[in-house]
Amino acid sequence: MDACSLVYDDAGWRAYLNRLGENAPEYLDVFSASFCRYFGASHTAYRDALAVRRQDAIDVLLPPDRPPFDLAGHLADRERQGVTGEFAMGSAERLPDGRTVNEWLLETVRDVRDRIHVWAGISLRDPAAALRELERSLAAGATGLCVIPFLDGTDPADPRFAPVWDAAAEARLPVWLHTGHHFARSHPSGLGSWRTVETLAGRHRALLLVAGHAGWPDVQEMLLTAARHPGVFLEFSSHRPRHMSKPGSGWEPLLHHARGMARDRVMFGTSTWVNPGPTGPLADELAALPLPADVVAAWLSGNAEALVARAAGTHRG
């Protein structure tokens, strides 16, 4: 199961890229090669366009003759890669037709929500608006939430957001929270750190939290936080498993504790575009690490499946 997936049509991708460009423009630069590989675009043309205007660069990635999004094709590709389910991250950004990305996603995958679990994106810039978006998305079938603090420039542990976390806990909506390193120079690196997760888990004991990217490079601190709080999980999308065993990678604590406290708290994720290419080989990289077969199985799917079941246990029908 892919615990961090992006499922968008071109309008959704434009909303995603524009949100990055407006709030963390460094991402369009730092990850230029990844974007171009994923969208099959010329890196030279993209770099030249980005030096002039962000929208021109996005047009290079998303030309008007791109084939439309094909849900059946997406699901067939997932099946070929051995992906049985994915947590698809939405957002509250508006599309040209007036819908939010969350609304488009929930409507598009309505008949395949057993395979594509929609985790609605909310912005914490406005606590009341965040709560409304949570409630709307929950009513429409969302089964989780997605929060990216460095794009909002807000601290999720600010007491103003307590009603949002209380509502998520009551509805048993797991929250994927971007944690660890980010490239947005306009916001401090501490937004979404292991300390954020520790604070939220301590205040809201029933809240299910997924530390996106496992809080890297502070993986050990995030693991210890998970050991203290049974509702905290880690997923390592954006990082290739093949690098984890290399000295200095920062992932040594994860492998060291794989048979112990990390066994049932870690999930596989891709972030879709960060490591462009088939998902299957990424899973194979994990399987190639010096880990017991039961740990590999837990990280690839078992823990994500257990989280889905745990959330659904008291989730509204």
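Within any chain, residue numbers begin from 1 and follow the written order of that chain's sequence. This being a predicted model, a pLDDT of at least 70 is required before a residue's local features are given, and a value of 80 or more before pairs of side-chain atoms are given or counted; all residues contribute to the totals for chains, interfaces and linings. Values shown for side chains rest on all heavy atoms present in the structure; no hydrogens or waters enter the calculation.

As recorded in an unreviewed UniProt entry, the protein goes by NonC and comes from Streptomyces griseus subsp. griseus.

Asks: Would you explain the environment of Asp-166 in this entry?
Replies: Topologically, Asp-166 is positioned in helix H10 (residues 162-171). Along the chain, Asp-166 and Gly-90 lie 76 residues apart, while their C-alpha atoms are 20 Å from each other. For this analysis, a polar contact is any N or O atom pair within 3.5 Å, provided that within protein one partner can donate a hydrogen and the other can accept it, and provided that sequence-adjacent residues contribute only side-chain to side-chain pairs. Among the polar contacts listed, one links the side chain of Asp-166 to the side chain of His-204, at a separation of 2.8 Å. Working definition: helices are DSSP H or I runs of at least four residues, strands are E runs of at least two. Numbering for both runs from the N terminus.

Asks: Help me understand the nonpolar core, please; the structure alone is not making it clear to me.
Replies: Across soluble globular proteins, nonpolar side chains have a tendency to be buried as a group. In this description, a nonpolar core means a group of buried Ala, Val, Leu, Ile, Met, Phe, Trp, Tyr and Cys residues linked to one another through side-chain atoms lying within 4.5 Å. For every residue, the accessible area obtained with a 1.4 Å probe (protein chains only) is divided by the maximum for its type, and the residue is called buried under 20%, exposed over 50%, and partly exposed between those limits. Phe-35, Leu-254 and Trp-299 are the most contacted members of the largest nonpolar core, which has 104 residues in total. Ranked by residues supplied to this core, first place goes to helix H15 (residues 293-312) with 7 residues. Domain extents, as shown, originate in an automatic or database domain assignment. Two domains each put at least three residues into this core: domain 1 (2-8 + 68-313) and domain 2 (11-61). Those residues within four positions of Leu-254 in sequence are excluded, and the remaining contacts are Val-219, Leu-223, Phe-236, Met-244, Ala-262, Val-266 and Trp-299. Every residue pair with non-hydrogen atoms within 4.5 Å of one another is taken to be in contact.

Asks: Explanation requested: the domain arrangement of the protein in the structure shown.
Replies: In many analyses, interface size is given as the accessible surface area lost on bringing the parts together. You can read the domains of the protein as domain 1 (2-8 + 68-313) and domain 2 (11-61). In this structure, domain 1 and domain 2 have C-alpha centres spaced 23 Å apart. Contact residues are listed per partner, giving 23 residues for domain 1 and 17 residues for domain 2. Two parts placed together each lose some accessible area; with a 1.4 Å probe, that loss summed over both constitutes the buried area. Taken together, the two surfaces of domain 1 and domain 2 that pack against each other cover about 2,000 Å², and 68% of this comes from carbon and sulfur. When the buried area of domain 1 at its contact with domain 2 is split by residue, Tyr-8, Phe-183 and Trp-273 rank highest and sum to 37% of it.

Asks: Help me understand the environment of Leu-145, please; the structure alone is not making it clear to me.
Replies: Inspection of the secondary structure assignment puts Leu-145 in strand E4 (residues 144-147). The class of Leu-145 is buried, set by a relative accessible area of 0%. Those residues in contact with Leu-145 that sit more than four places away from it in its chain are Trp-119, Ala-120, Ile-122, Leu-134, Ala-168, Leu-173, Pro-174, Val-175 and Trp-176.

Asks: Looking at this structure, I do not really get the UniProt feature "domain: Amidohydrolase-related" (unreviewed entry) in the protein. What am I missing?
Replies: UniProt positions are given in the numbering used here, feature names are shortened, and annotations may be inferred rather than shown by experiment. Here the UniProt-annotated "domain: Amidohydrolase-related" (unreviewed entry) positions come out as residues 64-308. The span residues 64-308 is 39% helical and 11% strand by assignment, and the distance between its end C-alpha atoms comes to 37 Å.

Asks: Whenever I open this one, the packing of aromatic side chains confuses me. Can you help?
Replies: How two aromatic rings sit relative to each other is given by the distance of their centres and the angle of their planes. Note on aromatic pairs: the rings of Phe, Tyr and Trp (six-membered ring only in Trp) are paired at centre separations within 6.5 Å, and the planes decide the class, stacked below 30 degrees, edge-to-face beyond 60, tilted for the rest. In this structure the tally under the stated criterion is 17 aromatic pairs. An angle of 55° between the planes, with centres 5.5 Å apart, marks the rings of Trp-13 and Tyr-38 as tilted. Here the residue Trp-13 occupies a position in helix H1 (residues 10-23), and Tyr-38 occupies one in helix H3 (residues 32-39), the gap between them amounting to 25 residues. Geometrically, the ring pair formed by Phe-31 and Trp-273 is edge-to-face, given 5.2 Å between the ring centres and 85° between the ring planes. One end of the pair, Phe-31, is in the loop between helix H2 (26-30) and H3; the other, Trp-273, is in the loop between strand E8 (266-267) and helix H14 (279-287), and 242 residues separate them in sequence. Judged by relative accessible area, Phe-31 falls into the buried class, the value being 17%. In this structure Trp-273 comes out as buried when scored by relative accessible area, which is 4%. What links up through ring pairs into an aromatic cluster is the set Tyr-27, Phe-31, Phe-35, Phe-150, Phe-183 and Trp-273. A positively charged side chain is recorded as over a ring if its NZ (Lys) or CZ (Arg) lies within 6 Å of the ring centre. The angle to the ring normal must also be within 35 degrees. The lysine or arginine in question, Arg-265, covers the ring of Phe-233, its NZ or CZ lying 5.9 Å from the ring centre.

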